[in-house]
Amino acid sequence: MAFKSEYLQGVYDKVCQRNKGEEEFLQAVKEVLESFEPVVEKRPDIVKAGIIDRLVEPERFIQFRVPWVDDNGNVQVNRGFRVQFNSAIGPYKGGLRFHPTVCASVIKFLGFEQIFKNSLTGLPIGGGKGGSDFDPKGKSDAEVMRFCQSFMTELSKHIGADTDVPAGDIGVGAREIGFMYGQYKRLRNEFTGVLTGKGLSYGGSLARTEATGYGLCYFTDEMLKSMKNESFKDKTVVISGSGNVAIYATQKATELGGKVVALSDSNGYIYDENGINLDVVKQIKEVERGRIKEYADRVPGSVYTEGKGIWSIKCDIALPCATQNELNGDDADILIKNGVIAVAEGANMPSTPEAVEKFLAAGVMFGPAKAANAGGVATSALEMSQNSERLSWTFEEVDAKLKNIMINIFHNSYNASKEYGLEGNLVAGANIAGFAKVADAMMWQGVSY
């Protein structure tokens, strides 16, 4: 699809030329630029200042070698990445992902999305992202520790509490954050809030573990209430994934009156018509680090199905919380046919462009990732605040701030969609609302920025 705006077409063509083969990054840029069509019509000053030209080019992209020794004494080598995309409104902020699929394109797509997500929180944090193609699955704690120490030895040169504050993401939980923080502290001889998602005994924040899943449900609940006078109450919910985001989205959706009937992992999915028993899932995933199929062996009446297909389960609310591009156009057709009323993204870009178009065309309420899953980074920023003040807030205090942030994100996105003649299109609304603050900061800071 060609852009109506000659300027935006030119920007996108240049991005394609400079980033050949980087499909995930190009997909993310295209989706955002499409939302800017009404903005460039209304704001010629943004075009003249080259704001969007600068926005799509990272301020800094760092790639490095990560050598480490496995338990058999063999030397292994992985790649490490950090993209520092935009610092117009604050220090770079974004997670670290350890997964075999990590490459320059994935890191750049995630970092680009993070600019808008962080802006939407209303907190002073810029956009960044990082990670490695290292796979922590099947590795011993000692191997993970040696990898994390090697990774942080290089990364520590580029981050700091007022420069760049990484957090966790897929494959990076409390264990990995702890190992990296210990190495950073050893190298820099300072105890600062340079990483978020830390353990409670050394500067972590209560509610951080739950934040992305809880925030997703707070956003979705506000979307249901404001757009359709609906709620989670008595709704059937399907959630993909079974990691941190999916687990705590299941918990909060249940607390809000919904019945979650399905979860998945990369091998297959479980269906429990009586509602997911979250205690069993937590035991399997958080304690044993097992596979979701084990749920069916422990809970009578539940069924495990190998492979994809979770979106064929009839539901009122769908929350994709696994990985990018997991929900395609065919899946969207099935969900729409089965009467889904709302879809909100807990993972980063889990719906393909075709799926998003179909949801919007069918009048399905759709919460894009940069708005709906911003709860994690919002609470990370709250952790930064606590670290700076040498304070620790209660769970209730953090949770209340999180809920307020997510409600505001919905309304800012919805209001922006109305202002630019796209009422109810939260994809465009979130992109525009997130962009406005960043663009204004970039204008004030001049072209040298």
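Our subject is the structure listed above.
Conventions used here
- Residues numbered from 1 in each chain as written.
- Predicted model: local features only at pLDDT ≥ 70, side-chain atom pairs only at ≥ 80, totals over all residues.
- Heavy atoms only, no water.
- Helix = DSSP H or I, 4+ residues; strand = E, 2+ residues; numbered from the N terminus.
- Rg over C-alpha atoms; globule rule 2.2 N^0.38 Å.
- Buried < 20%, exposed > 50% of the residue type's maximum accessible area, 1.4 Å probe, protein only.
- Contact = heavy atoms within 4.5 Å.
- Areas by Shrake-Rupley, 256 points an atom, 1.4 Å probe, with all protein chains shown as cover.
- Lys, Arg positive; Asp, Glu negative; His and termini not counted.
- Charge placed at Lys NZ, Arg CZ, Asp CG, Glu CD.
- Pairing = 2+ DSSP bridges.
- Axes fitted to C-alpha atoms, helices over the stretch in contact; angles between N-to-C directions.
- 1 Å grid on protein atoms, 1.4 Å probe; cavity = no way out; pocket = protein on both sides within 12 Å on 5 of 7 lines; lining within 4 Å.
- Points joined across faces, edges and corners; volume = space filled by probe spheres on them.
- Core = buried A, V, L, I, M, F, W, Y, C linked by side-chain atoms within 4.5 Å.
- Salt bridge = Lys/Arg side-chain N within 4 Å of Asp/Glu carboxyl O.
- Expected span 1.5 Å × (residues − 1).
- Arc of directions from axis to C-beta.
- Polar contact = N/O pair within 3.5 Å; in protein donor to acceptor, adjacent residues only side chain to side chain.
- Parallel < 35°, antiparallel > 145°, perpendicular 65-115°, else oblique.
- Nonpolar A, V, L, I, M, F, W, Y, C, P; charged D, E, K, R; others polar.
- Phe/Tyr/Trp six-rings, centres within 6.5 Å; stacked < 30°, edge-to-face > 60°.
- Lys NZ or Arg CZ within 6 Å of the ring centre and 35° of its normal.

S.K.: Please explain the overall build of the protein chain as it appears in this structure.
M.R.: The number of helices and strands found in the protein chain is 18 helices and 12 strands. Here the C-alpha atoms of the protein chain give a radius of gyration of 21 Å, agreeing with the 22 Å that 2.2 N^0.38 yields for 449 residues. Looking at the protein chain residue by residue over its 449 residues, the buried ones come to 56%. Restricting the contact set of the protein chain to residue pairs at least 6 apart, pairs at least 24 apart contribute 71%. Summing over all exposed atoms, the protein chain offers an accessible surface of approximately 18,200 Å²; the carbon and sulfur share of this is 49%. Taken together, the 50 basic and 57 acidic charged side chains of the protein chain have centroids lying 3 Å from each other.

S.K.: What should I look at first to understand the sheet that holds strand E5 (residues 164-167) in this one?
M.R.: Strand pairs in the sheet, formed through backbone hydrogen bonds, run parallel or antiparallel to each other. Spatial ordering of the open sheet is given by E1-E2-E4-E3-E5, a layout of five strands whose pairing is mixed. Two strands bound the open sheet, and with one partner strand each, they are strand E1 (60-69) and E5. Strand-to-strand twist of the sheet, defined as the mean angle between neighbouring strand axes without regard to direction, takes the value 20 degrees. Inspection of the sheet shows E1 paired to strand E2 (residues 75-86) by 10 bridges, in the antiparallel sense. Bridge pairing in E2 places Trp-68 opposite Gln-76. Relative to strand E4 (residues 126-132), helix H6 (residues 104-120) is tilted by about 150 degrees, and along the sheet it contacts E1, E2, strand E3 (92-98) and E4. Taken strand by strand, helix H7 (residues 141-155) contacts E1, E2, E3, E4 and E5, and its axis lies near 145 degrees from that of E1.

S.K.: Would you take a moment to explain the environment of Lys-337 for this structure?
M.R.: Within the secondary structure, Lys-337 is located in helix H13 (residues 329-337). Taking the C-alpha atoms as reference, Lys-337 lies 51 Å from Thr-192; in sequence the two are 145 residues apart.

S.K.: Which parts of the structure should I look at to understand the layout of surface pockets?
M.R.: Any empty space left between atoms is shown by rolling a water-sized probe over those atoms. Counted as a void, the second largest pocket has a volume near 730 Å³. Looking at the second largest pocket, it is lined by 29 residues, and the ones nearest its centre are Glu-31, Glu-34, Ser-35, Asn-425 and Val-427. The set of elements that each furnish at least two residues to the lining of the second largest pocket consists of helix H2 (23-35), helix H3 (37-42), helix H14 (353-361), helix H15 (369-372) and helix H18 (426-445).

S.K.: In this structure, what is going on with the nonpolar core? I would like to understand it.
M.R.: For soluble globular proteins, the rule of thumb is that nonpolar side chains tend to be buried together. If you look at the biggest cluster of nonpolar residues, it comprises 97 residues, and the most contacted ones within it are Leu-33, Phe-36, Ile-52, Phe-112 and Phe-435. The contacts of Phe-435, once residues within four sequence positions are left out, are Phe-36, Val-39, Ile-46, Ile-51, Ile-52, Leu-55 and Phe-116.

S.K.: Explain the pattern of salt bridges here, please?
M.R.: Side chains bearing opposite charge may pair, as long as their charged atoms lie close to each other. Inspection of every chain in the model, using the stated rule, returns 23 salt bridges. Among the charged side chains, a salt-bridge network with shared partners connects Glu-31, Glu-113 and Lys-370.

S.K.: In this structure, what is going on with helix H1 (residues 6-18)? I would like to understand it.
M.R.: Along an α-helix, a turn takes 3.6 residues, which lines up residues three or four apart on a common side. Under the 1.5 Å per step criterion, the end-to-end length of H1 is 18 Å for 13 residues, consistent within 8% with the ideal 18 Å. Every buried residue of H1 is accounted for by Tyr-7, Leu-8, Val-11, Tyr-12 and Val-15. One face of H1 carries all of its buried residues, which in axial projection span an arc of 130 degrees. Among the exposed residues of H1, those oriented more than 90 degrees off its buried face are Glu-6 and Gln-17. In the core, the buried residues of H1 are packed alongside H2, H3, helix H4 (44-48) and helix H5 (51-55). Its side-chain oxygen at 3.3 Å from the backbone nitrogen of Tyr-7, Ser-5 defines the N-terminal cap of H1.

S.K.: Quick question: what am I supposed to make of the pairing of strand E10 (residues 317-320) here?
M.R.: A regular strand places its side chains on the two faces of the sheet in alternate fashion. Side chains Ile-317 and Leu-319 of E10 all project onto a buried face; the interleaved residues Ala-318 and Pro-320 project onto the opposite face, where all are buried too. Sheet topology places strand E6 (residues 236-240) next to E10; four bridges connect them, and they run parallel. Across the sheet, the residue bridging to Val-238 is Ala-318, located in E10. Sheet topology note: the E10/strand E11 (residues 342-344) ladder contains two bridges and is parallel. Across the sheet, residue Ile-317 finds its bridge partner in E11, namely Ala-342.

S.K.: Even after reading the chapter, I still don't get the packing of H2 against H6, so can you show me in this structure?
M.R.: In a pair of packed helices, the angle between the axes and the distance between the axes together describe the arrangement. Between H2 and H6, whose axes approach to 6 Å, the crossing angle comes to 25 degrees. It follows from the interaxial angle that H2 and H6 lie roughly parallel. Contacts from Glu-23, Glu-24, Phe-25, Ala-28, Val-29, Glu-31 and Val-32 in H2 reach Ser-105, Val-106, Lys-108, Phe-109, Phe-112, Glu-113 and Phe-116 in H6. Split by residue class, the contact of H2 with H6 holds eight nonpolar, one polar and five charged.

S.K.: When you look at the packing of aromatic side chains in this model, what are you seeing that I'm missing?
M.R.: One pair of aromatic rings is described through two measures. These are the centre distance and the angle between the planes. Scanning the entire structure with this criterion turns up 23 aromatic pairs. With centroids separated by 6.1 Å and ring planes inclined at 45 degrees, the aromatic side chains of Phe-61 and Phe-81 adopt a geometry described as tilted. Note that Phe-61 is positioned in strand E1 and Phe-81 in strand E2, a separation of 20 residues in sequence. Relative to Phe-134, the ring of Trp-68 has its centre 5.4 Å away and its plane inclined at 85 degrees; by these criteria the two rings are edge-to-face. With a gap of 66 residues between them, Trp-68 in strand E1 and Phe-134 in the loop between E4 and H7 connect regions that are remote in the sequence. Grouping residues by exposure puts Trp-68 and Phe-134 together as buried. Members of the aromatic cluster, connected to one another through ring pairs, are Phe-25, Phe-36, Phe-85, Phe-112, Phe-116 and Phe-435. Between Lys-252 and the ring centre of Tyr-214, over which it is positioned, the NZ or CZ distance is 4.4 Å. In this structure, Lys-401 packs its charged tip against the face of Trp-393, placed 4.8 Å from the ring centre.

Treat this as a map of the structure, not an account of what it does.
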